[in-house]
Structures are given as structure tokens and as C-alpha cells.
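Residue-level listing of the chains:
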Amino acid sequence: MSGARLEIVTDAKSKPGDIVLGRCAEQKRLARDIDFAALGKEGYAFRTRSGRLVIAGGAPRGTLYGVYGLL
């Protein structure tokens, strides 16, 4: 949409400014308050912590819908 090129990195290589997607070590470290059970299968949550955006959602499509919601 914007022409920006976003690099895809693992938890080990992530840094401030990166967008954190889904359930992963960085999500657990930055946004452990997300209640995945309450989100159900398709719900999602946004959190901002330490200069980063966390988008995480329920399985199987919640995180995908969160990305769509951001866009």
C-alpha cells in the first residue's frame, strides 16, 4: 500500500520499531496481558510497548484479521 519494504525477522533478530505478529516469544515478553481465550478464533488485539506494535489474535485467523484491521 505504502511502498514500504518490511523485513521479516525471527524473535532473535527483532529490534525496537519492528512489528510483532502472533504468539511468539516477543509477544509474551511485551504483551503478556493479551487474553487469547477471550479473543476466540477470530478476535485480535493491538498493544504498543517499548516503541513496538504487537498484533496478536486467536487461532486460526485472528492475527491475520488484526493485520487487515491495521491496514
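**Student:** Honestly, the sheet that holds strand E2 (residues 44-49) in this entry has me stumped. Any pointers?
**Tutor:** Read from one edge to the other, the open sheet built from three strands follows the order E1-E3-E2, with strand pairing classed as mixed. Each edge of the open sheet is held by one strand with a lone partner, namely strand E1 (19-21) and E2. Strand after strand, the sheet turns through a mean of 15 degrees between neighbouring axes, direction not considered. Its contacts with the sheet place helix H3 (residues 62-70) against E1, E2 and strand E3 (52-57), and it is angled at close to 135 degrees to E3.

**Student:** Just checking my understanding: could you explain unusual backbone geometry for this structure?
**Tutor:** Among all residues except glycine, the phi angle is most often negative; among peptide bonds, the trans geometry is most common. That bond from alanine 59 to proline 60 is cis: its omega, 10 degrees, falls within 30 degrees of zero. With respect to the element layout, proline 60 can be found in the loop between E3 and H3. In this structure, serine 50 is a non-glycine residue whose phi angle is positive, near 50 degrees.

**Student:** Is there a simple way to explain the nonpolar core in this structure?
**Tutor:** Nonpolar side chains in soluble globular proteins tend to be buried together. Among the nonpolar cores identified, the biggest contains nine residues, and these are Val20, Cys24, Leu30, Ala31, Ile34, Phe36, Ala45, Val54 and Ala56. Apart from the residues lying within four places of it in its own chain, the contact partners of isoleucine 34 are Gln27, Leu39, Ala45, Arg47, Val54 and Ala56.

**Student:** Would you explain the environment of alanine 37 in this entry?
**Tutor:** Among the secondary structure elements, alanine 37 is positioned in helix H2 (residues 36-39). Look at alanine 37 and you get exposed, because its relative accessible area is 73%. Each C-alpha atom of the pair alanine 37 and serine 14 lies 26 Å from the other, and the pair is 23 residues apart in sequence.

Definitions and limits used
Residues numbered from 1 in each chain as written. Predicted model: local features only at pLDDT ≥ 70, side-chain atom pairs only at ≥ 80, totals over all residues. Heavy atoms only, no water. Pairing = 2+ DSSP bridges. Helix = DSSP H or I, 4+ residues; strand = E, 2+ residues; numbered from the N terminus. Axes fitted to C-alpha atoms, helices over the stretch in contact; angles between N-to-C directions. Contact = heavy atoms within 4.5 Å. Core = buried A, V, L, I, M, F, W, Y, C linked by side-chain atoms within 4.5 Å. Buried < 20%, exposed > 50% of the residue type's maximum accessible area, 1.4 Å probe, protein only.

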